Amino acid sequence: MSSRHAQLAEQFNADEARTNWHDQTLWWVRQKRDRAANTLPEWEQLRQWASDIKDHTLSNLHAYLLEFEKNALANGVFVHWAKDAEEHNRIIYDILQKAGVDRIVKSKSMLTEECHLNPYLQKKGIDVVDTDLGERIVQFREEAPSHIVLPAIHLKKEDVSDTFHEHLGTEKGNNDPQYLTHAARLHLREKFIQSDIAITGVNFAIAETGGIVVCTNEGNADMGAHAARVHIACMGFEKIIPKAEHLGVFTRLLARSATGQPITTYTSHFHRPAPGKEMHIVLVDNGRSRQLGREDFRNSLKCIRCAACFNTCPVYRRSGGHSYHTAVAGPIGSILNPNLDMKANADLPFASTLCGSCSNVCPVKINIHEQLWKWRQVISAEGLTDPSKKMGMKLMAWVLARPAVYRFAGKAARWVTANLPFLVKNKTWNPWFKQREMPEAPKQSFQEWYKKQQRS
Amino acid sequence: MYTVGLFVPCYIDQFYPQVAISSLQLLEKLGCKVVVPLNQTCCGQPMANSGFASLSKGCDANFIQNFGELDYIVCPSGSCTLHIKEHLHSEQFPEKATLIQQRIYELTEFLTDVLKLTTFKGSFPHRVGLHNSCHGQRGLHLSSMSELVAPVFSKPADLLKRISGLELLLPERSDECCGFGGTFCVFEESVSVKMGKDRIREHEQNQVDIITGGDMSCLMHLEGILKRKKSPVRVMHIAEILNDGYE
Ligand code: SF4
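Residues numbered from 1 in each chain as written. Chains lettered and ligands numbered in written order. Predicted model: local features only at pLDDT ≥ 70, side-chain atom pairs only at ≥ 80, totals over all residues. Heavy atoms only, no water.

J.: Looking at this structure, how should I read the state of the cysteines?
T.: Each disulfide consists of one covalent bond between the sulfur atoms belonging to two cysteines. In total, this model carries zero disulfides over all chains according to the counting rule given. Unpaired in terms of disulfides, Cys358 of chain A finds its nearest cysteine sulfur in Cys355 of chain A, a separation of 6.2 Å. Take Cys358 of chain A: its relative accessible area is 7%, and that puts it in the buried class. Cys80 of chain B takes part in no disulfide bond, and the closest cysteine sulfur to it belongs to Cys43 of chain B, at a distance of 4.0 Å. (Disulfide = S-S within 2.5 Å. Buried < 20%, exposed > 50% of the residue type's maximum accessible area, 1.4 Å probe, protein only.)

Okay, structure coming up:
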């Protein structure tokens, strides 16, 4: 039985030309990342520092969160704590209601995706507009983002043109990116002006100052936050770093890892509301404290959401973000999502060859591929793997622990392959054979050959 | 003289005996005394990577019984070597397990770091493409990795370059995974095959005669795709090339 990821990936692969395009586009981003990293001889040192700072912070999270809250409050910011997605959404809705607002703009925040804020607010009659260009495109199409940095990377410019034609009335068949971006800009500008509340994500929250930092390339977070009367910033509580002086380590790594830029076009620092305005920060747990308590998986919380692990992942590039059926896809998603719902996401740690490229690009040195391996152990211990797979594994383990049985089984397997090929060469129940030939069965195994040699 | 235990992974034993024969002959040509423990089976990786490390106790015990007394263990597979290094476990003989983990070498690692092979007599006049298997490369550090900002090196490439007549060609993406991935190759069939096809395309662009590497499992997967499309390109384990090339 093939897993959900495998099925969705197979659908993705049905259009090979498109798969090639997806793979090559993201590989190009990976190459840009390599070039940017190689301009800094101290790159590996920076990764180590980033990792150390995050490790330290996670070990002292309680104290840093309280320090952050204290300083943010002193700056005149409202601070809210949300234990889960539901509470996060409710807090935001309450702020909206108090302000008497029914339309908001939102800049990119993977946390709000994780909490499914959009559908929640839409059900309550709130008009939510995503202002990141890629997010707006997928929002028009009622799709989820397929990548945490490049949300519409699964779409080609022709798809975008069609979408804009339908929703913004652009010329049919005009695929000129400049034309399309311009149309989006006009549309979004109007939304910015109309909106009284802006929601943004947070890239870094500095305990020492109570300030937050938002990194974007489009400036839409600033546009939103400055135009609106109320700014709500939502963050998973792992976004904390202790001091302002640590920030440089991360900003140097983030954009280089994400897109190969030396720095994001906008790195915006928010400390306090402008006179007459309001600023809120929502600190969200939503399973993070549970992950923090899992020794083998806690350091997945070091993640700064650069998506370098997506771009380098040979499986992600050839299966697309939607095959991961979660808000955060890719290798990091495969170690975060089982924590949120182990059963629904039991397939994800298996959607990897464990090649290890993800761990090597990760700017905060998360041992992603080792955690994928460990999740596999947890998932099968919880009985969440296919029972037939478990049976097969048990049988295999039994054979391989018994040298005589192993020799017999090996001989039998070779005999079947050689003499009853139709049993093996079957595309229906041997997935290997669908697109690959079977290895030839040799007359004798190495051990058989060796024993004969010894005798002669 | 080194006494070396040859660990032959189960699928090599059963389906690619010539890889083990080549490893044995090569080590003997290089002056090693090679011991082949005859009750060896498997490192246990197939179970462990599928989430059933708990089931590999029997394999672990059998491995320790076969290899516990040897000073050097050599294996013509980066993946199986890495598995032993990272996961061999024994409640009963923990010291033995640790010793084995220190004493096991992947073949090209052993040739380079222990035998310090620098000269190579013989020739192999072919265009050869090298496939870096992930476990050998990123796990055992047999070569530098394209993701890291670090000096470039490659143990297998250095060995191959020493063979006269051999023209070594690297694919454009020098260390992208081939998509084998153990049971991944059947449970994620479509992505697995697509990854393999993409590796092959790059090697074909280089017009290689042969694709080689240190892991027969990756090569078996690539071979399956090559044969299906009736490509003239062949696969050969690096042990076969080194043994053929060494007089
Ligand atoms: S796990 Fe590492 S590489 Fe992946 S998104 Fe997070 S920080 Fe970036």
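J.: How do you make sense of the site of the ligand when you look at a structure like this?
T.: In the vicinity of the ligand, the residues found are Cys303, Ile304, Arg305, Cys306, Ala307, Cys309, Ile332, Cys362, Pro363, Val364, Ile366 and Ile368 of chain A. Residues belonging to the shell around the ligand are distributed by class as follows: eleven nonpolar, no polar and one charged. (Near = heavy atom within 4 Å. Nonpolar A, V, L, I, M, F, W, Y, C, P; charged D, E, K, R; others polar.)

J.: I keep staring at the domain arrangement of chain B and nothing clicks. Help me out?
T.: Size of an interface: often given as the accessible area lost when the parts come together. Residue and element names in this part refer to chain B. In terms of domains, chain B is made up of domain 1 (3-114) and domain 2 (127-245). Here the C-alpha centroids of domain 1 and domain 2 sit 21 Å apart. Contacts between the two partners involve 27 residues from domain 1 and, on the opposite side, 21 residues from domain 2. Summed over both sides, the interface of domain 1 with domain 2 buries roughly 2,000 Å², with 63% coming from carbon and sulfur. (Domains from an automatic or database assignment. Contact = heavy atoms within 4.5 Å. Buried area = accessible area lost by both parts, 1.4 Å probe.)

J.: For this particular structure, what's the right way to read the interface of chain B and chain A?
T.: Across the contact, 68 residues belong to chain B and 77 residues belong to chain A. Buried area between chain B and chain A, summed over both chains or domains, comes out near 6,500 Å², and the portion from carbon and sulfur atoms is 59%. Here chain B and chain A share nine salt bridges between them. Taking the shortest distance from any N to any O, the salt bridge between Glu437 of chain A and Arg228 of chain B comes out at 2.6 Å. Our count for the chain B to chain A interface comes out at 38 residue pairs in polar contact (both at pLDDT 80 or more). Listed by contribution, the elements that provide at least two residues to the side of chain B that touches chain A are α1 (10-15), α2 (17-29), α3 (45-52), α4 (57-67), α8 (134-139), α10 (184-187), α11 (189-205) and α12 (216-228) of chain B. The biggest single contributor to the side of chain B that touches chain A is α11 of chain B, with ten residues. Per-class residue counts for the side of chain B that touches chain A are 35 nonpolar, 20 polar and 13 charged. (Salt bridge = Lys/Arg side-chain N within 4 Å of Asp/Glu carboxyl O. Polar contact = N/O pair within 3.5 Å; in protein donor to acceptor, adjacent residues only side chain to side chain. Helix = DSSP H or I, 4+ residues; strand = E, 2+ residues; numbered from the N terminus.)

J.: When you look at a nonpolar patch on the surface in this model, what are you seeing that I'm missing?
T.: Together, Phe422, Leu423 and Trp429 of chain A make up a nonpolar patch on the protein surface, roughly 360 Å² of accessible area in all. Relative to the helices and strands, Phe422 of chain A resides in helix α21 (residues 421-424). (Patch = residues over 30% accessible without salt bridge, like charges linked within 9 Å, V, L, I, M, F, W, Y side chains within 5 Å. Areas by Shrake-Rupley, 256 points an atom, 1.4 Å probe, with all protein chains shown as cover.)

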